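# Fold and geometry: a report
Chain by chain, the residues:
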Amino acid sequence: MTASETNPDRDARSPASASETNQDLDLDAGPPANASETNQDLDLDAGPPANASETNQDLDLDAGPPANASETNPDLEDAGSPAWELLLPAASAPARARGRSLQAALREAVRSGRLVPGTRLPSSRDLAADLGVSRGLITEAYEQLAAEGYLRSGRGAGTWVGDAVRAARPRARDLAPRSTGSRADFVPGTPDVSLFPRAAWAAAQRGVLAELPHHELGYPDPRGLPRLRTALAELLARRRGVVADPERIVIVSGVSQATTVLGFVLHARGMREVGVENPGSPQHDALYAAAGVATVPLPMDDEGLAVGPLRESGVRSVVTTPAHQFPTGIAYSARRRTALLDWARSVDGFVLEDDYDGDFRYDRAPVGALQGLDPERVAYAGSVSKSLAPGLRLGWLLVPEALAEDVVERKRTMDLGHPTLDQALFARFVERGDYDRQLRRCQRAYRERRDTLVAALQEHFPGSEVTGIAAGLHVIAALPERYGPEERFLTRAAAAGVAVRPLTDYAHARAGRGGEQPGVRLVLGYARLSPARIRDGVRLMARAVAAGRD
């Protein structure tokens, strides 16, 4: 097939016969009658010779192949397909975009490795003829890519693919956390994202796009949209008992960013260590380390964080989960809350309160946030990760007056503020009562799942005890000693396709795990599992353990 048949849109610049044009024949042409007469080292961009038999032996990609093309240019085989096959779609682009399209297509061919380093390209004249475009477009593309380093050229030496380019990876990896793929996954920390209110969220999105003023699409206040901060102040005061001044609320990308921002601010104030609950969230170590702050694990007792070791540690800030401690599941006693605040005042320090699932209490109204007792000593963080979806990356931080200016400045330098559309959408969602309805929906679903898990444990593991308050998205299950040792139990459960985590997994490495405890103590997350899957998962664990004891 001739090049003109390949591209029917070619204009009058294409010759009627290949024999009438330059005898630097393209790759679709047959080989010359006498290959030994070819290539006298002509300039690639020079005009065609009068006699094809006198043409240059330094054939480019448009020249007819010798008897064995790989012998003449070993890179030619590796290039994949001829240059114009890569560029044909770009040559068919609208006239105004054709030059940019040709450059982009050629650039991508080099990046992807279809044109490997050392491959010689066609002359601008011949490539223009084969593509049915002006020679100027090809010359401009060659010059632009040579300037960028993709190509190299020299007067009388032709144009080649440069050596600076390394082929890009052909795919983008997905590093997002994924389910273990087990038959029953009791690993805590993830809500049921199928409960996300798609219809109500879509309606709020349409409303926001219709009403949002143009100026609010500019760079936002680094604290967040005033509309959202005002809505959150009312919501948090009503539901969590916080003292919420909209001027001291900062919208963040979840509690993780709130933690990192606070870490940078504490570091700038000379604090190089922060206390953390032990056992506690394993994420705190890495988040504070990123800000140059080390974590000091501090022991828990039945009432909360032990104040004696806290005083002895010398730290001036401590991270807590007082409404529903993770992972033990206890709620701090009133006496311990008071003692914790007394400590903060005595050392001129701060308590960093992570209210990660404070809205979910099933046996009574949730205990109010610690921040409400002393808003000048407590920085309060929360998010929609458990109530809506972690992928929204939307949270809030209420800061004491002493930290407010530094926190806002650090947030500004990190990302210039949270996305405006997301903030306006969530503000509308809160204002119209949709968020309250979502919280009630989640509370009903998670209470049913917790009750199902507790009943299944009692049925299949007689004598087991669920500790902690009836709240949140996980339980601590203490199984009798006869089901141990714990390591063997975990091995049997994994073999049965059940993913579980022991309580010891949440002990901080610096503190050690202490002596071996009799029996088995598990942290079981239930939010993402339906009641039927919960029952099946507990049954599978019981069968696996029973089989191992036989």
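As shown above, the structure is provided for reference.
This is a predicted model, so every value here is computed, not measured.

## Points about unusual backbone geometry
Each neighbour pair has its own omega, and for Asn-278 with Pro-279 the value is 5°, a cis peptide bond. Relative to the helices and strands, Pro-279 resides in the loop between strand 5 (273-278) and helix 11 (283-290). Omega for the bond connecting Phe-326 with Pro-327 falls within 30 degrees of zero, at 10°, which places this linkage in the cis form. Structurally, the position occupied by Pro-327 is in the loop between strand 8 (317-320) and helix 13 (334-346).

## Digging into the pattern of salt bridges
Between side chains of opposite charge, a pair can form as their charged atoms come close. Per the counting criterion, the structure on display carries 30 salt bridges. Here Arg-238 makes a salt bridge to Asp-436, at a shortest N to O gap of 3.1 Å. Here Arg-238, found in helix 9 (residues 226-240), pairs with Asp-436, found in helix 16 (residues 434-460); they are 198 residues apart in sequence, far enough to count as distant. Across the pair Asp-536 and Arg-539 runs a salt bridge whose closest N-O atoms are separated by 2.7 Å. Note that Asp-536 and Arg-539 are positioned in helix 18 (residues 531-549) at a spacing of three residues, about one turn of the helix.

## Brief notes about the packing of aromatic side chains
Taken as a whole and assessed by the stated rule, the structure comprises nine aromatic pairs. Residues Phe-326 and Tyr-356 carry aromatic rings whose centres are separated by 6.0 Å and whose planes lie at 85° to one another, so their mutual orientation is edge-to-face. Of this pair, Phe-326 sits in the loop between strand 8 and helix 13 while Tyr-356 sits in the loop between strand 9 (350-354) and strand 10 (378-383); the two residues are 30 residues apart in sequence, bridging distant segments of the chain. A relative accessible area of 18% means that Tyr-356 is categorised as buried. The interplanar angle of 90° and the centroid separation of 5.6 Å between the aromatic rings of Phe-360 and Tyr-446 together place this pair among those described as edge-to-face. Here Phe-360, found in the loop between strand 9 and strand 10, pairs with Tyr-446, found in helix 16; they are 86 residues apart in sequence, far enough to count as distant. Tyr-446 sits in the buried class, given a relative accessible area of 0%. Connected via pairs of aromatic rings, a cluster forms that spans Phe-196, Trp-201 and Phe-429. Above the plane of the ring of Phe-350 lies Arg-377, whose end atom (NZ or CZ) is 5.9 Å from the centre. Here the guanidinium or amino end of Arg-410 rests over the ring plane of Phe-264, the centre of that ring lying 4.3 Å away.

## Some thoughts on the nonpolar core
By size, the foremost hydrophobic cluster in this structure holds 66 residues, and its most contacted members are Phe-186, Trp-396, Phe-426 and Tyr-435. Ranked by the residues each element gives to this core, the list is headed by helix 16, at eight residues. Among all residues touching Phe-186, those that are not within four sequence positions of it are Leu-453, Val-498, Ala-499, Val-500, Val-523, Leu-524, Gly-525, Leu-529, Ile-534, Gly-537, Val-538 and Met-541.

## What about the side chain of Lys-386?
Looking at the element boundaries, Lys-386 is found in the loop between strand 10 and strand 11 (395-398). No salt bridge is formed by the buried Lys-386; its nearest oppositely charged neighbour, Asp-357, is found at 7.5 Å. Look past the residues within four positions of Lys-386 in its chain and what remains in contact with it is Gly-189, Pro-191, Tyr-356, Phe-360, Tyr-446 and Leu-473.

## Considering the sheet that holds strand 15 (residues 501-502)
On the basis of which strands lie adjacent, the open sheet formed by four strands has the order 12-13-16-15 and antiparallel pairing. The open sheet has two edge strands with one neighbour each: strand 12 (465-467) and strand 15. Two elements, strand 13 (residues 474-479) and strand 16 (residues 520-525), share six bridges in a ladder whose sense is antiparallel. Residue Val-475 lies in a different strand from strand 16, and its bridge partner there is Leu-524. Against the sheet, helix 17 (residues 486-495) touches strand 13, strand 15 and strand 16, its axis set at about 40° to strand 16.

## Things to note about the environment of Arg-501
Its place among the elements puts Arg-501 in strand 15. Given the relative accessible area of 30%, Arg-501 is considered partly exposed. Setting aside anything within four residues of it in sequence, one finds Arg-501 in contact with Val-187, Pro-188, Tyr-506, Leu-522 and Val-523.

## As for the pairing of strand 10
The buried fraction of strand 10 is high, at six of six residues. Neither face of strand 10 is left uncovered, since the one carrying Val-378, Tyr-380 and Gly-382 and the one carrying Ala-379, Ala-381 and Ser-383 both have all their residues buried. By the bridge criterion, four bridges tie strand 9 to strand 10 in an arrangement that is parallel. Paired with Glu-353 across the strands is Tyr-380, a residue of strand 10. By the bridge criterion, four bridges tie strand 10 to strand 11 in an arrangement that is antiparallel. The residue of strand 11 that forms the bridge with Ala-381 is Leu-397.

Scoring rules and cut-offs
Within any chain, residue numbers begin from 1 and follow the written order of that chain's sequence. Totals for whole chains, interfaces and linings use every residue, but because this is a predicted model, local features are given only for residues with pLDDT of at least 70 and side-chain atom pairs only at 80 or more, for both listing and counting. By convention in this description, side-chain values take in all heavy atoms of the structure and omit both hydrogens and water. Helix and strand definitions here come from DSSP, where helices need a minimum of 4 consecutive H or I residues and strands a minimum of 2 consecutive E residues; each element is numbered from the N-terminal end. The term salt bridge refers to a side-chain nitrogen of Lys or Arg lying within 4 Å of a carboxyl oxygen of Asp or Glu. A pair of aromatic rings is counted whenever rings of Phe, Tyr or Trp (Trp by its six-membered ring) have centres within 6.5 Å, and the orientation is called stacked for planes under 30 degrees apart, edge-to-face for over 60 and tilted otherwise. Throughout, exposure labels follow a simple rule: accessible area from a 1.4 Å probe, protein chains only, divided by the maximum for the residue type, with under 20% read as buried, over 50% as exposed, and the rest as partly exposed. Put simply, a charge is over a ring when the Lys NZ or the Arg CZ is close to the ring centre, within 6 Å, and near the line of the ring normal, within 35 degrees. As used here, the term nonpolar core means buried Ala, Val, Leu, Ile, Met, Phe, Trp, Tyr and Cys residues forming a set that is joined through side-chain atoms within 4.5 Å. Any pair of residues with heavy atoms lying within 4.5 Å of one another is described as a contacting pair. In this tally, Lys and Arg are treated as positive and Asp and Glu as negative; His is ignored, and so are the chain termini. One bridge is not enough; two strands pair if DSSP finds at least two bridges between them. Here an angle of 0 to 180 degrees is reported between the N-to-C directions of two axes, which are lines fitted to C-alpha atoms, with helices fitted over the stretch in contact.

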